[in-house]
Amino acid sequence: MKRLSYGDVKFAQILLALTLLFAGLAFAAPKPAQLTQADRENLRKVAVTLKEAILREDVDGILRHVSKLNGLTCVDTQIPYQQVREDLHDKNSHLYMSLFDSERFSKQCGHEYPAEYPVKYRVISDKEFLKAANEPIEIELITDGWAQVTFKSKTKAPYLRKYGFHKQGRVWMLTDGFIVSRCSCGGDMVPRSNTNRPR
């Protein structure tokens, strides 16, 4: 049997030390944030309540989900709560039409869809979309305290609706996903939710 030289022993010790170091670092690495079951259920309830408010055209019901402190975000623009409130009461605003009036919204903003977008699909309001959205709601944690809820529909394909939420205290508040002050938010009409939240 061959005897190990001093160099072989040192090399084996260094290799063992590095293995233990990397194993320890991997074990100690922060685990990705996850939604608790309670948060997931609360967020699902908030999303369903918001959907029902949109279907009923219940402006006050929608406003209960918008933070009075932060309002909504459209691309890089923060829209104050007061402006959101005014737009929800103004039948000529982009926000009102995008939520409740497919015909007028399509007429005013349909030209902003990309040319490659299928012609057979027209721009529709959230209300029209949500009437047909019976697929399971997808909930994704973006980062701690920030989540995205996606509604899908087979009958209104290729549409989907993504709404961003931020947890403020114990309550999930809507942060984005509505079209405010312009014809689109996020640059791409499908999905319409912007990406201006922490990652």
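Before any of the text, the structure's been laid out above.
### A short note on the nonpolar core
One broad rule of soluble globular proteins: the nonpolar side chains tend to lie buried together. Judged by nonpolar contacts, the single largest core of 39 residues is most densely connected at I54, I62, L88, F151, F165 and F178. Ignoring sequence-local partners within four residues, the contact set of I54 consists of I62, L99, F100, D126, K127, L130, Y163 and F178.

### Considering the environment of I137
The topology assignment puts I137 in the loop between α7 (126–132) and β3 (138–143). Separated by 90 residues in the primary sequence, I137 and A47 place their C-alpha atoms 8.6 Å from one another.

### Comments concerning the environment of T73
Relative to the helices and strands, T73 is located in strand β1 (residues 72–74). As for T73 and D176, which are separated by 103 residues in sequence, their C-alpha atoms are 5.2 Å apart. Reaching out from T73, the side chain makes a polar contact with the side chain of Q78 at a distance of 3.2 Å.

### Notes on the packing of aromatic side chains
All told, the structure shown has three aromatic pairs when counted by the stated rule. With a centroid separation of 5.0 Å and 65° between ring planes, the pair formed by Y96 and F100 is classed as edge-to-face. One end of the pair, Y96, and the other, F100, are both in helix α5 (residues 94–100), four residues apart, so they sit about a helical turn from each other. Grouping residues by exposure puts Y96 and F100 together as buried. Connected via pairs of aromatic rings, a cluster forms that spans F151, Y163 and F178.

### As for the pairing of strand β6 (residues 171–176)
A large share of β6 lies buried, amounting to five of its six residues. Relative to β6, strand β5 (residues 160–168) runs antiparallel, the two being bridged by five bridges. Note that in β6 the partner of K167 across the bridge is W172. Between β5 and the antiparallel strand that follows it, β6, lie two residues; G169 among them carries a positive phi value of about 70°.

### So, the pattern of salt bridges
Applying the stated criterion across every chain yields a total of seven salt bridges. A salt bridge links R56 to D58, with the shortest nitrogen-to-oxygen separation between them at 3.1 Å. Here E138 and K152 are joined by a salt bridge, their closest N and O atoms 2.9 Å apart. Here E138, found in strand β3, pairs with K152, found in strand β4 (residues 146–152); they are 14 residues apart in sequence, far enough to count as distant. For E138, a relative accessible area of 40% translates into the label partly exposed. Owing to a relative accessible area of 33%, K152 belongs among the partly exposed residues under this scheme. Through salt bridges with shared partners, one network takes in R56, D58 and R64.

Quick notes on the rules
- Residues numbered from 1 in each chain as written.
- Predicted model: local features only at pLDDT ≥ 70, side-chain atom pairs only at ≥ 80, totals over all residues.
- Heavy atoms only, no water.
- Core = buried A, V, L, I, M, F, W, Y, C linked by side-chain atoms within 4.5 Å.
- Buried < 20%, exposed > 50% of the residue type's maximum accessible area, 1.4 Å probe, protein only.
- Contact = heavy atoms within 4.5 Å.
- Helix = DSSP H or I, 4+ residues; strand = E, 2+ residues; numbered from the N terminus.
- Polar contact = N/O pair within 3.5 Å; in protein donor to acceptor, adjacent residues only side chain to side chain.
- Phe/Tyr/Trp six-rings, centres within 6.5 Å; stacked < 30°, edge-to-face > 60°.
- Pairing = 2+ DSSP bridges.
- Salt bridge = Lys/Arg side-chain N within 4 Å of Asp/Glu carboxyl O.

Everything listed is a geometric property; what it means functionally is a separate question.
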